[in-house]
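# Observations on the three-dimensional arrangement
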Amino acid sequence: MRVYVPLTIPGLAEAYRAGELGPGPLAAYAVTPGLREWYVSDDIEELEYAALNRAAAASLRLLAGTPGAPRRRVVVAVDVDVPDREAVADPDQALQAAALGEVRIAAAVPMAKAAAVHVDAGEAVDDVSAAVDALGAADHGDDDAQFTVDGAEDHELLWFGVQEIPGIVG
């Protein structure tokens, strides 16, 4: 199963140094039954893209809690074993908007299981910064702030191979 783990640049640097994403439990996003029902598609690529976008939104929230981090969303795509139930969705939250596609990974995940890294391009920094600043107001129903937060989603995350992580984290 492909899961998408939201991070920040410092979080990615730490995972790279440690050789693992963790410690567990980790929040990640995947194609869950709730996400399938919400997205109403059978196209696995579209569903995985939706899960990636959910993880990018979670990365934005991580940035809000990490004031010194570069304002670029980071998502690591990881392959986990379904039979071992490494990633589990909470069925009680399946249709809650904030939890769509969310799964929990109980233990640290070796970076060897990472398939790719998705990161904002440099030109997204201003919009991502504005979105981070607007999150609180958006959460309280401010439509203009929500428009600003949604503006970060206009930027596609770039795809990088895991061998490119040293260049990303500098």
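The sections below set out a description of the structure shown in this document. (Residues numbered from 1 in each chain as written. Predicted model: local features only at pLDDT ≥ 70, side-chain atom pairs only at ≥ 80, totals over all residues. Heavy atoms only, no water.)

Two side chains that carry opposite charge are able to pair once their charged atoms sit near each other. In total, this model carries five salt bridges according to the counting rule given. The residue Arg 17 makes a salt bridge to Glu 14 at a minimum N-O spacing of 3.4 Å. Of this pair, Arg 17 and Glu 14 both sit in helix α1 (residues 9-18), three residues apart, which is roughly one turn of that helix. Given the relative accessible area of 60%, Arg 17 is considered exposed. (Salt bridge = Lys/Arg side-chain N within 4 Å of Asp/Glu carboxyl O. Helix = DSSP H or I, 4+ residues; strand = E, 2+ residues; numbered from the N terminus. Buried < 20%, exposed > 50% of the residue type's maximum accessible area, 1.4 Å probe, protein only.)

The subject of this paragraph is unusual backbone geometry. Residue Pro 23 is reached from Gly 22 by a cis peptide bond, and omega for that bond is 5°. Here Pro 23 lies in the loop between β2 (20-21) and β3 (26-29). Gly 24 connects to Pro 25 through a cis peptide bond whose omega is -5°. Mapping Pro 25 onto the fold places it in the loop between β2 and β3.

Take helix α5 (residues 143-152) next. Listed as buried for α5 are Ala 145, Val 149, Gly 151 and Ala 152. Taken down its axis, α5 places every buried residue within 150° of arc, on the same side. Turned more than 90 degrees from where α5 packs its buried face, Asp 143, Asp 144 and Phe 147 sit exposed. Next to the buried residues of α5 lie α3 (44-64) and α4 (125-139). Between the side-chain oxygen of the N-cap and the backbone nitrogen of Asp 144 there are 2.9 Å, and the N-cap of α5 in question is Asp 142. (Arc of directions from axis to C-beta. Contact = heavy atoms within 4.5 Å. Polar contact = N/O pair within 3.5 Å; in protein donor to acceptor, adjacent residues only side chain to side chain.)

This part takes up the environment of Glu 156. Counting through the fold element by element, Glu 156 comes out in the loop between α5 and β9 (158-160). Taking the C-alpha atoms as reference points, Glu 156 and Ala 27, 129 residues apart in sequence, are found 21 Å from one another. One polar contact links Glu 156 to Tyr 49, side chain to side chain, over a distance of 2.7 Å.

For the rest of this paragraph, the subject is the environment of Val 103. Here Val 103 shows up in strand β6 (residues 102-105). Val 103 sits 73 residues away from Ala 30 along the chain, and the two C-alpha atoms are 6.7 Å apart.

The next thing to look at is the packing of α4 against α5. With their axes 7 Å apart at the nearest point, α4 and α5 run at an angle of 140° to one another. The way α4 lies across α5 gives a crossing that is left-handed. Note on element contacts: α5 touches α4 through Ala 145, Gln 146, Thr 148, Val 149, Gly 151 and Ala 152, opposite Asp 127, Val 128, Ala 130, Ala 131, Ala 134, Leu 135, Ala 137 and Ala 138. Of the residues belonging to the contact of α4 with α5, the class tally is ten nonpolar, three polar and one charged. (Axes fitted to C-alpha atoms, helices over the stretch in contact; angles between N-to-C directions. Left-handed = near helix turned anticlockwise from the far one by under 90°. Nonpolar A, V, L, I, M, F, W, Y, C, P; charged D, E, K, R; others polar.)

A word on the nonpolar core. Counting residues in each nonpolar core, the largest one holds 24 residues, and the members touching the most others are Val 3, Leu 12, Leu 21, Val 76, Val 78 and Val 117. When contributions to this core are tallied by element, the ones reaching two or more residues are β1 (2-7), α1, β3, β4 (74-79), β6, β8 (114-119) and α6 (165-169). Leaving out residues up to four positions away in the same chain, Val 117 has contacts with Leu 12, Val 74, Val 75, Val 76, Leu 158, Trp 159, Phe 160, Val 162, Ile 165 and Ile 168. Ranked by size, the runner-up nonpolar core spans 14 residues in total, among them Tyr 4, Ala 51, Leu 52 and Ala 55. (Core = buried A, V, L, I, M, F, W, Y, C linked by side-chain atoms within 4.5 Å.)

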